[in-house]
Amino acid sequence: MTSTTGRTDTAAPHATSGLHRPPGTVPPARFRPRFHYELLTCGLRGHRLLGTDATALTSDDDGFDPAIVARETTDADGDTIRWHRCLRCDSWIPLDPPAAPTQPALPTRAEVDLPLRGRALRDRFVLRLIAIDRLIHFVGLALVAAAIFVFLADREALRTPFFAVLATLRDTVGISDGDDGVVGTVIRAFSASATTVVVVGIVVAAYALLEGVEAIGLWRARRWAEYLTLVATTVLLVPEIWELTGRVTVFKILALVINLAVIAYLLFAKRLFGLRGGGAAEEAARARDQGWDALVRTAPGADG
């Protein structure tokens, strides 16, 4: 194996021993590629290595074997090469010993903030994608709510220019009032009572607030936000399906598909409402991939 310094190394840790196979080392089955969130995160943020600034690859932590995170080998020229294991993706990175070390030894386990990996990292990616979707909804709905109240305040002043422009559009491009679409909605808004407009504005603002709360909770991976998102999304499927009985558009179908995917993910992958073992099974599954026990179990030479 050739190191990053251009030397040929005579020995290196093999992270593929035992039952554990690090991300990227197993060819995907045909038509079933596997997405490795660890490799993506390390590509974006860099590897998480321990001991790169340590004088010796030793530890004062009782019961902690430093070899699970860092090892030393010698190349053909007799030079020492340090191999550091990424705490996230399990890659072993060859580096020279530090010229000016700042730490005498490896940090203790209590001093290390382990990065997310495995199921926990996958969930973080998916939940944040859903959070971004909810944030977009929040911004759009907040703008609509603001526009409704601005419209109500200046409705009488806007009435004359709006219908003048509408008459011009009828004569030039043949646009009709219609019962559906933006034009029909605005026409009905001019004839609706102030109370009705206020109620609509409050409902839209409340919906925006709900989406904002979901976005914040999901971004921070809160369990309550998963339940809130599941219930709210399921309830709102009813008007979405009803809308499709009238006019079918690509955006309506796409929104329905996304919401169905969100519901399926939260129910089956996150095991909400006791499904597939519930929260206890979810925590047990995450624990298999996360923490020092997982690192020890998947270290080279471990029994798996």
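Residues numbered from 1 in each chain as written. Predicted model: local features only at pLDDT ≥ 70, side-chain atom pairs only at ≥ 80, totals over all residues. Heavy atoms only, no water.

## Points about the overall build of the protein
Thinking step 1. The number of helices and strands found in the protein is ten helices and three strands.
Thinking step 2. When the helices and strands of the protein are placed in sequence order, the string is α-β-β-β-α-α-α-α-α-α-α-α-α.
Thinking step 3. Here the protein holds 304 residues, and 33% of them are scored as buried.
Thinking step 4. Looking at the protein as shown, the accessible area adds up to about 17,700 Å², and 64% of this sits on carbon and sulfur atoms. (Helix = DSSP H or I, 4+ residues; strand = E, 2+ residues; numbered from the N terminus. Buried < 20%, exposed > 50% of the residue type's maximum accessible area, 1.4 Å probe, protein only. Areas by Shrake-Rupley, 256 points an atom, 1.4 Å probe, with all protein chains shown as cover.)

## Here we look at the nonpolar core
Thinking step 1. Counting 18 residues, the largest nonpolar core has Val-126, Leu-127, Ile-130, Leu-218, Leu-230, Tyr-265 and Leu-266 as its most contacted members.
Thinking step 2. Listed by contribution, the elements that provide at least two residues to this core are α2 (118-153), α6 (223-235), α7 (237-244) and α8 (250-269).
Thinking step 3. Excluding residues that lie within four positions of it along the chain, Leu-266 makes contacts with Leu-127, Glu-226, Thr-229, Leu-230, Arg-271 and Leu-272.
Thinking step 4. In this structure, Leu-57, Ala-70, Trp-292 and Leu-295 belong to the second largest nonpolar core, which totals 13 residues. (Core = buried A, V, L, I, M, F, W, Y, C linked by side-chain atoms within 4.5 Å. Contact = heavy atoms within 4.5 Å.)

## Overview of the side chain of Thr-298
Thinking step 1. Mapping Thr-298 onto the fold places it in the segment after α10 (292-297).
Thinking step 2. Accessibility expressed as a relative area gives 10% for Thr-298, which makes it buried.
Thinking step 3. Here Ala-294 takes part through its backbone oxygen, which lies 2.7 Å from a polar atom of the side chain of Thr-298.
Thinking step 4. In this structure, Thr-298 is in contact with His-20, Arg-85, Asp-90 and Arg-117, ignoring residues within four places of it in sequence. (Polar contact = N/O pair within 3.5 Å; in protein donor to acceptor, adjacent residues only side chain to side chain.)

## Quick word on the pattern of salt bridges
Thinking step 1. Inspection of every chain in the model, using the stated rule, returns 16 salt bridges.
Thinking step 2. The salt bridge involving Arg-82 is made with Glu-72; its shortest N-O contact spans 3.1 Å. Placement of the pair is Arg-82 in strand β2 (residues 80-85) and Glu-72 in strand β1 (residues 70-74), with a sequence separation of ten residues.
Thinking step 3. Accessibility expressed as a relative area gives 2% for Arg-82, which makes it buried.
Thinking step 4. Through salt bridges with shared partners, a single ionic network connects Arg-122, Asp-123, Arg-223, Glu-226, Lys-270, Arg-271, Glu-282 and Arg-286. (Salt bridge = Lys/Arg side-chain N within 4 Å of Asp/Glu carboxyl O.)

## With respect to the sheet that holds strand β3 (residues 92-95)
Thinking step 1. Ordered by their spatial adjacency, three strands build an open sheet running β1-β2-β3, and the pairing between neighbours is antiparallel. Whereas interior strands pair on both sides, the edge strands pair on one side only; in this sheet they are β1 and β3. Looking at each pair of strands side by side, their axes are set apart by 30 degrees on average, direction ignored.
Thinking step 2. Where β2 lies against β3, four bridges are found, and the strand directions are antiparallel. Bridged to His-84 within β3 is Ile-93. (Pairing = 2+ DSSP bridges. Axes fitted to C-alpha atoms, helices over the stretch in contact; angles between N-to-C directions.)

## A look at the packing of aromatic side chains
Thinking step 1. Following the criterion strictly, the structure yields six aromatic pairs and no others.
Thinking step 2. Aromatic pair Tyr-37 and Phe-125: ring centres 5.1 Å apart, planes at 45 degrees, arrangement tilted. Of the two residues, Tyr-37 is situated in helix α1 (residues 37-45) and Phe-125 in helix α2; the sequence distance between them amounts to 88 residues.
Thinking step 3. Residue classification places Tyr-37 among the buried residues on the basis of a relative accessible area of 18%.
Thinking step 4. A residue is classified by how much of its surface remains accessible, and Phe-125, at 24% relative accessible area, is partly exposed.
Thinking step 5. Considering the side-chain rings of Phe-151 and Phe-190, the 5.0 Å spacing of their centres and the 75 degrees angle between planes classify their relative orientation as edge-to-face. Residue Phe-151 is found in helix α2, and its partner Phe-190 is found in helix α4 (residues 181-191); the two are separated by 39 residues along the sequence. In this pair, the class of Phe-151 matches that of Phe-190, namely buried. (Phe/Tyr/Trp six-rings, centres within 6.5 Å; stacked < 30°, edge-to-face > 60°.)

## Overview of the confidence of the model for the protein
Low pLDDT means the predicted atomic positions in that stretch should not be read closely.
Thinking step 1. Taken residue by residue, the protein gives an average pLDDT of 86. The fraction at 70 or more is 88%.
Thinking step 2. Considering each helix and strand of the protein separately, the mean pLDDT is smallest for α4, with a value of 78, and largest for α6, with 96.
Thinking step 3. A low-confidence stretch, residues 1-11 stays under pLDDT 50, and its non-local contacts, those more than four residues away or across chains, total 26 contacts.
Thinking step 4. In this model, residues 14-18 is a region of pLDDT below 50 whose contacts with residues beyond four sequence positions or in other chains number twelve contacts. (pLDDT = per-residue confidence, 0-100.)

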